Amino acid sequence: MGPMWRILETLLQGGWVMIPLAVSSLAMWMLILERFFHFRDLDRSDLSLDETRAALDAGRTPAGRGLRVRLLHRLLASRTFRPRADVSLLRSTANELRHEYENRLPVIEVLAAVAPLMGLLGTVLVMIETFGVNSIFGTGNPRALAGGISVALITTQAGLLVAIPGLFLAGRLR
């Protein structure tokens, strides 16, 4: 049997809890990749600070989709030519853009934080099942008890394997 078959077999041993865990993991990774590609594109099509300053002095909005281009576009659209008001407008606009770019990060963080809880739920469910079987048939077979505990820990391991990189990458994206 190949390694993929062993992975699938291990996932199936985890029980039904592995399904929502896998779905949430897939959703989390899709959001992480979407954010990485989005931020990469922002950086590629952005202006340097000198170009931004020159465009601001000229009062023109350059082409592009970068963060500074969008900030400059919004600032020039509602500029008052009063320094204090324009600084306040710049801060307000920067906060609006920050909110737009961070809007998916809480979802990534929640999916990563919930993964170990789903793993723990799977562990508890399998442990309850294992001890239920032992209460009926007795504890004469320690190998069966150890096998049940081993299966129970599969979901905990899967939850941690989803959560650790998810939380790390969510922090990196933030």
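Residues numbered from 1 in each chain as written. Predicted model: local features only at pLDDT ≥ 70, side-chain atom pairs only at ≥ 80, totals over all residues. Heavy atoms only, no water.

A.B. asks: I'm lost on the nonpolar core in this one. Help?
C.D. replies: Taken as a class, soluble globular proteins show a tendency for nonpolar side chains to be buried jointly. Core analysis: the largest hydrophobic core is formed by 19 residues, its most contacted members being Leu21, Met28, Ile32 and Ile108. For this core, the secondary-structure elements that each account for two or more residues are α2 (18–44), α6 (105–137) and α7 (142–173). Among the elements that line this core, the one with the most residues is α7, at 7 residues. When sequence neighbours within four positions are dropped, the list of residues in contact with isoleucine 108 reads Met28, Leu31, Ile32, Arg35, Gly166, Ala170 and Leu173. Membership of the second largest hydrophobic core comes to 5 residues, among which are Leu47, Ala55, Leu72 and Leu76. (Core = buried A, V, L, I, M, F, W, Y, C linked by side-chain atoms within 4.5 Å. Buried < 20%, exposed > 50% of the residue type's maximum accessible area, 1.4 Å probe, protein only. Helix = DSSP H or I, 4+ residues; strand = E, 2+ residues; numbered from the N terminus. Contact = heavy atoms within 4.5 Å.)

A.B. asks: Even after reading the chapter, I still don't get a nonpolar patch on the surface, so can you show me in this structure?
C.D. replies: On the surface, Trp16, Ile19, Val23, Leu121 and Leu125 cluster together into a nonpolar patch covering about 500 Å² of accessible area. Sorting the residues of the nonpolar patch by element identifies α2 and α6 as the ones contributing at least two each. Note on placement: valine 23 falls in helix α2. By relative accessible area, which is 52% here, valine 23 ends up exposed. (Patch = residues over 30% accessible without salt bridge, like charges linked within 9 Å, V, L, I, M, F, W, Y side chains within 5 Å. Areas by Shrake-Rupley, 256 points an atom, 1.4 Å probe, with all protein chains shown as cover. Salt bridge = Lys/Arg side-chain N within 4 Å of Asp/Glu carboxyl O.)

A.B. asks: Explanation requested: the side chain of serine 24 in the structure shown.
C.D. replies: On the secondary structure map, serine 24 appears in helix α2. Using a relative accessible area of 10% as the deciding quantity, one classes serine 24 as buried. Dropping the residues within four chain positions of it, serine 24 is found in contact with Leu111 and Met118.

A.B. asks: How should unusual backbone geometry be read in this particular structure?
C.D. replies: With the exception of glycine, the majority of residues adopt a negative phi angle, and the majority of peptide bonds are in the trans configuration. Although it is not a glycine, phenylalanine 81 adopts a positive phi angle of roughly 65°. For phenylalanine 81, the location among the structural elements is in the loop between α4 (67–77) and α5 (83–101). Residue classification places phenylalanine 81 among the exposed positions, given a relative accessible area of 64%.

A.B. asks: I tried to follow α4 on my own but got confused; where do I start?
C.D. replies: Because an α-helix packs 3.6 residues into every turn, residues spaced three or four apart end up facing the same way. Within α4 the residues assigned to the buried category are Val69, Leu71, Leu72, Leu75 and Leu76. Buried residues of α4, viewed axially, fall in a sector of 165°; they line one side. Check the buried side of α4 and you find it contacts α3 (49–58) and α5. (Arc of directions from axis to C-beta.)

Nothing here speaks to function; it is all geometry.
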